[in-house]
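This is what each chain is made of:
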Amino acid sequence: MAAAIPRPSATALPRQAAIRRRRSAALGLAAFVLLAVAGWFSPRWLTFLVTMAAANGLVSLGIVGLMRGGVVPFGQGMLFAAGGYSAALIYNKLGFTDALGLTLAGGLAAVVLAAPFAPLLSRYRGIFFAMLTLALSMVAYGLLMKLDMLGGSDGFNLGRPTLLGQKLPDAHTGYILYLLTIGVATAMAVLARVYFDSTRGLVTLAVRENELRVEYLGGSVRQAMTINFILAAFCGGLGGALAVMSLGHIEPQFSFWTTSGEFVFVAILAGWQSVAAVFLASTVLEVVRSFSSAYFPNTWQLALGLFLLFVIRFLPRGIGSLWMKRGKG
């Protein structure tokens, strides 16, 4: 007689989930400490590059969350711009200069902008979802280009922020913004990993495989996709606010379709399996773009395209598939 297959007890699964959460938090903290120490000894150009990669990676992290449900948005530039413009306007018009508060305000502003569209977009899949998000982003781009009160096509500048009521020293402004950006990115990465491993996160994977079965089992596909879109908006707004504070300038190009395309590029490069791969892919994009622009100014887009083709050919599941177990979300 065949031996019975042991099943995990009712308390084993929550215990395993708690262990995974603690492990994710520990890995996130270790990564933050390592990057903080490395940033202190790195040249300014490198810390700025990593800062922008982390800020842009936050936007792509939201796209990965949507990709797990089987949709790809081509309009995250609108939410990226919403976070950036909100932070810049609050700084210039209201006089609120705290970097952490501006970051949170950018995320919340993107959520407010996305909330009315989320229930509508949750009904669509495939090319229809992609084109609708792209259309919204281009409408936002057109408005930003025409509104003089928002700087028109030239945009406007953002001054140096403060942090917890303290003025940032001239010599270390870039490093402090670097710490803030990687700190926010690490926190969101850990939360994203926890969310992806949660019941609702696993429902998202089920939606991608078979929506009808999810509905039969009592789940709400539209609710799951709406929540994912709102979370992606929050990530996009955070990234926009952090990028604007590091650049010191905001312009309509933040909402242009090519900007959204770069975020999708990173998400495809990373794959949907690993959170860490998103930020690694974003860093790779910034490195390739920076050095290609310096040495091949007229063909750097070609270099990026060839690199993406190489990854798709040999790593169809993205960079994250190198260390994530097959089938693990």
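Looking at this structure, I do not really get the overall build of the protein chain. What am I missing?
When its secondary structure is counted, the protein chain shows 13 helices and 4 strands. Here the protein chain has a C-alpha radius of gyration of 20 Å; the compact-globule value for 329 residues is 20 Å, and the two agree. Based on the C-alpha atoms only, the size of the protein chain along its principal axes is roughly 75 × 45 × 45 Å. Of all 329 residues assigned to the protein chain, the portion counted as buried reaches 47%. About 16700 Å² of surface is accessible on the protein chain, with carbon and sulfur atoms providing 69% of the total. In the protein chain, 25 positive and 11 negative side-chain charges are present, and the distance between their average locations comes to 15 Å.

Is there a simple way to think about the nonpolar core in this case?
Note on soluble globular proteins: their nonpolar side chains tend to be buried together. By size, the foremost hydrophobic cluster in this structure holds 64 residues, and its most contacted members are Leu58 and Phe279. Going through the elements one at a time, α2 (44-67), α3 (76-94), α4 (99-114), α7 (173-197), α10 (221-247), α11 (257-270), α12 (276-295) and α13 (300-314) are the ones with two or more residues in this core. Residue contributions to this core peak at 11 residues, all from α7. Apart from the residues lying within four places of it in its own chain, the contact partners of Leu58 are Val184, Ala185, Met188, Cys235, Leu238, Gly239, Leu242 and Phe279. Ranked by size, the runner-up nonpolar core spans 18 residues in total, among them Leu66, Ala114, Leu121 and Phe129.

I'm lost on the confidence of the model for the protein chain in this one. Help?
Interpreting fine coordinate detail is not advised for predicted regions of low pLDDT. Predicted confidence across the protein chain gives a mean pLDDT of 85, with 93% of residues reaching 70 or more. Here α13 stands out as the element of the protein chain with the lowest mean pLDDT, 77, in contrast to α4, whose mean of 94 is the highest. Confidence over residues 1-5 falls short of pLDDT 50; this stretch has 0 contacts with residues more than four positions distant or in other chains.

Can you walk me through a nonpolar patch on the surface in this structure?
Side chains of Leu29, Val33, Val37, Trp40 and Phe41 sit close together on the surface and give an oily, nonpolar patch of about 560 Å² of accessible area. Relative to the helices and strands, Val33 resides in helix α1 (residues 12-41). Take Val33: its relative accessible area is 44%, and that puts it in the partly exposed class.

Sorry, what's going on with the environment of Phe196 here?
When you line up the elements, Phe196 lands in helix α7. Judged by its relative accessible area of 5%, Phe196 falls in the buried class.

Just checking my understanding: could you explain the packing of aromatic side chains for this structure?
Working definition: an aromatic ring pair is given by the centre-to-centre distance plus the angle between the planes. All chains considered together, the criterion is met by 10 aromatic pairs. A cation sits over an aromatic face here: Arg68 above Phe196, 4.2 Å from the ring centre. A cation sits over an aromatic face here: Arg313 above Phe314, 5.1 Å from the ring centre.

Would you mind going over the packing of α3 against helix α6 (residues 126-146) with me for this structure?
Where α3 meets α6, the closest approach of the two axes is 8 Å, and the angle between their N-to-C directions is 40°. Considered as vectors, α3 and α6 are oriented oblique to each other. Across the interface between the two elements, Gly77, Met78, Ala81 and Tyr85 from α3 touch Leu136, Ser137, Ala140 and Leu144 from α6. Residues belonging to the contact of α3 with α6 are distributed by class as follows: 6 nonpolar, 2 polar and no charged.

Would you take a moment to explain the pattern of salt bridges for this structure?
On inspection of all chains with the given rule, the structure shows 5 salt bridges. The salt bridge involving Arg125 is made with Glu211; its shortest N-O contact spans 2.6 Å. In this pair, Arg125 sits in the loop between α5 (118-121) and α6 while Glu211 sits in helix α9 (residues 211-216), placing the two residues 86 residues apart along the sequence. Among the ionic pairs, Asp197 bridges to Arg193, the shortest N-O distance being 3.2 Å. Of this pair, Asp197 and Arg193 both sit in helix α7, 4 residues apart, which is roughly one turn of the helix. Given a relative accessible area of 11%, Arg193 falls into the buried group. Connected via shared salt-bridge partners are Glu262, Glu286 and Arg289.

Got a minute to help me understand the side chain of Ser246 in this structure?
Tracing the backbone through its elements, the reader meets Ser246 in helix α10. If we ignore the near neighbours within four places in the chain, the residues touching Ser246 are Phe48, Thr51, Met52, Leu177 and Thr181.

What is the right way to read the packing of α2 against α7 from this model?
When two helices pack together, their arrangement is given by the angle between the helix axes and the distance between those axes. At a closest axis distance of 9 Å, the pairing of α2 and α7 adopts a crossing angle of 25°. When the axes of α2 and α7 are compared, the pair comes out roughly parallel. Of the two elements, α2 crosses α7, and the hand of that crossing is left-handed. Across the interface between the two elements, Thr47, Val50, Thr51, Ala54, Ala55, Leu58, Leu61 and Gly65 from α2 touch Leu177, Tyr178, Thr181, Ile182, Val184, Ala185, Met188, Ala189, Ala192 and Phe196 from α7. Tallied by class, the residues present in the contact of α2 with α7 amount to 14 nonpolar, 4 polar and no charged.

What counts, and where the lines are drawn
- Residues numbered from 1 in each chain as written.
- Predicted model: local features only at pLDDT ≥ 70, side-chain atom pairs only at ≥ 80, totals over all residues.
- Heavy atoms only, no water.
- Helix = DSSP H or I, 4+ residues; strand = E, 2+ residues; numbered from the N terminus.
- Rg over C-alpha atoms; globule rule 2.2 N^0.38 Å.
- Buried < 20%, exposed > 50% of the residue type's maximum accessible area, 1.4 Å probe, protein only.
- Areas by Shrake-Rupley, 256 points an atom, 1.4 Å probe, with all protein chains shown as cover.
- Lys, Arg positive; Asp, Glu negative; His and termini not counted.
- Charge placed at Lys NZ, Arg CZ, Asp CG, Glu CD.
- Core = buried A, V, L, I, M, F, W, Y, C linked by side-chain atoms within 4.5 Å.
- Contact = heavy atoms within 4.5 Å.
- pLDDT = per-residue confidence, 0-100.
- Patch = residues over 30% accessible without salt bridge, like charges linked within 9 Å, V, L, I, M, F, W, Y side chains within 5 Å.
- Salt bridge = Lys/Arg side-chain N within 4 Å of Asp/Glu carboxyl O.
- Phe/Tyr/Trp six-rings, centres within 6.5 Å; stacked < 30°, edge-to-face > 60°.
- Lys NZ or Arg CZ within 6 Å of the ring centre and 35° of its normal.
- Axes fitted to C-alpha atoms, helices over the stretch in contact; angles between N-to-C directions.
- Parallel < 35°, antiparallel > 145°, perpendicular 65-115°, else oblique.
- Nonpolar A, V, L, I, M, F, W, Y, C, P; charged D, E, K, R; others polar.
- Left-handed = near helix turned anticlockwise from the far one by under 90°.

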